[in-house]
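# Architecture at a glance
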Amino acid sequence: MTDDPNNGQPDPDALPDPTDPQLPAEPKNDEVPED
Amino acid sequence: MVVELFAPQLVRNGAPACTLCGGKAMNGLNCTCASERMWLYRASQGRLNVPTCHIRDLTGDCVGGTNLGQMQAVSTTYGITTGKLYQPIDVTQVFAWIDTGRYGAHLNISYQPVAGSPYDAFAGQFRGNHDVFLSNRGTTSGAIRVGDPGASGFRDWPKTLLAQAAGLLDMGGGATLNDEAGRGKCYAYLTPIDPATPTTRYRVTFICRTTLYASAGGAPAGTVTSASYGARRTLHDGLWWYQIIAPGSANNGKWFKPNRCAKITAA
């Protein structure tokens, strides 16, 4: 038997949407050394 | 149970060589892509195990490293659109979500404060921007279980170190994220929430020898030949695994794969 642990309600752990302002920068990762 | 897969980026850690873009070796540039492999595995609850090199290929980017916006586009390629990309958000909020055990996350960091610490995977040779995967709460309240693609497996990192490294992210032009957004912020890309813990229970009766494992997909941890236990199941790497629930038994918490010796019924 499988129960709905939230009893049909929204999950209390649900994430909020990102809020403005979001920063425009999208920094990339750098190259790491192999050894 | 958290569904997780560790993905290394470097050949020395077992990742296959990634050569793209006309023969260019990409492994050293692929930490964000390796973290995305861990992210997709978690977000899909074990259904997607996408090679790191293929993730890099999907970005179509042959220049330098990659970023979280590109990973969001890769996730969309696989139909996963409910992850949340925060640029920025309070790092303590991200830790709180990870502590619930129901999310994983990319976390952009600078390796500057990590270099030379016990958590350094590059022997002091790297201090640039990096990306790690946060898989779960750590074994202590001050730690997070981290998949650093430069390392060889998951490991607990102090939250204080993660927060410091997140704030020092190099945003270009000599500015850090601390400079751009104030202290205590981070760039993070959260997985969709894990399904609520299933309450389905099973009954298993072993009628001949079955190997038990320490974890789903883990090392062998003995055998059982004749016994009956409660059990629950979870998806691991695309296969169902069952965990014995039998408090007081030496086999409590051990795992097994469905087989002809294990007669399983819904409890």
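All of the points below concern the structure found in this document.

So, how was this worked out
Starting from 1, residues in each chain are numbered consecutively following that chain's sequence as written. Chains carry letters and ligands carry numbers; both start at the beginning, A for chains and 1 for ligands, and go up in the order they are written. In keeping with the model being predicted, local features are shown solely for residues with a pLDDT of at least 70 and side-chain atom pairs are shown and tallied solely at 80 or more, while totals for entire chains, interfaces and linings include all residues. Note that water and hydrogens are dropped before the side-chain values are worked out from all heavy atoms of the structure. Where helices and strands are cited, they refer to DSSP runs of H or I of at least four residues and of E of at least two residues respectively, numbered from the N terminus. Values of accessible area rely on a 1.4 Å probe in the Shrake-Rupley scheme; residue burial ignores everything except the protein chains shown. The contact criterion used throughout is that any non-hydrogen atoms of two residues lie within 4.5 Å. What counts as buried area is the accessible surface, traced by a 1.4 Å probe, that two parts surrender upon association, with contributions from both included. Any carboxyl oxygen of Asp or Glu within 4 Å of a side-chain nitrogen of Lys or Arg constitutes a salt bridge here. Here a polar contact means two N or O atoms within 3.5 Å. Within protein one must be a hydrogen donor candidate and the other an acceptor candidate, and residues neighboring in sequence count only if both atoms are side-chain atoms. For this scheme, ten residues count as nonpolar: Ala, Val, Leu, Ile, Met, Phe, Trp, Tyr, Cys and Pro. Four count as charged, namely Asp, Glu, Lys and Arg, and the remainder, Gly too, count as polar. Remark: exposure states derive from per-residue accessible area (1.4 Å probe, protein chains only) relative to the maximum for the residue type, with buried under 20%, exposed over 50%, and partly exposed in between. It is the directions from the helix axis to the C-beta atoms that the arc portrays. Here a Phe, Tyr or Trp ring, Trp counted by its six-membered ring, pairs with any other such ring whose centre lies within 6.5 Å, and the pair is stacked when the planes are under 30 degrees apart, edge-to-face when over 60, and tilted otherwise. Think of it as a cone above the ring: NZ of Lys or CZ of Arg counts as a charge over the ring if it is within 6 Å of the ring centre and within 35 degrees of the ring normal.

On to the overall build of chain A. A tally of helices and strands in chain A yields zero helices and zero strands. As presented, chain A carries roughly 2,600 Å² of accessible surface, and 51% of it is formed by carbon and sulfur atoms.

On to the interface of chain A and chain B, then. With 25 residues of chain A in contact, the opposing surface of chain B contributes 48 residues. Carbon and sulfur atoms supply 51% of the area buried between chain A and chain B, which totals about 3,000 Å² over both sides. At the boundary of chain A with chain B, the tally comes to two salt bridges. Among the ionic pairs, Asp17(A) bridges to Lys84(B), the shortest N-O distance being 3.1 Å. Our enumeration of links across chain A and chain B arrives at 20 residue pairs in polar contact (both at pLDDT 80 or more). Grouping the amino acids of the side of chain A that touches chain B by side-chain chemistry returns 12 nonpolar, three polar and 10 charged.

Helical geometry note: an α-helix holds 3.6 residues per turn, so side chains three or four residues apart project in the same direction. Along helix 2 (residues 52–59) of chain B, the positions that sit buried rather than exposed are Thr52(B), Ile55(B) and Arg56(B). In an axial view of helix 2 of chain B, the angular spread of the buried residues amounts to 100 degrees, which keeps them on one side of the axis.

All names here are of chain B. Counted by the stated rule, this structure contains 13 aromatic pairs over all chains. Here Phe122 and Phe126 contribute two aromatic rings whose centre-to-centre distance is 5.3 Å and whose plane-to-plane angle is 75 degrees, an arrangement assigned as edge-to-face. Each member of the pair, Phe122 as well as Phe126, carries the same accessibility label: buried. Their ring planes at 20 degrees and their centres at 5.6 Å tell us that Tyr242 and Phe256 sit as a pair that is stacked. A residue pair is termed long-range when its members are at least 10 positions apart, and Tyr242 in strand 15 (residues 239–245) and Phe256 in strand 16 (residues 255–256) qualify at 14 residues. Across this residue pair, the class does not change: Tyr242 and Phe256 are buried. In textbook terms, an aromatic cluster arises when at least three aromatic residues are bridged by ring pairs, as seen for Tyr202, Phe206, Tyr229, Tyr242 and Phe256. Positioned above the aromatic ring of Trp240 is the side chain of Arg233, whose terminal nitrogen or guanidinium carbon lies 3.7 Å from the ring centre.

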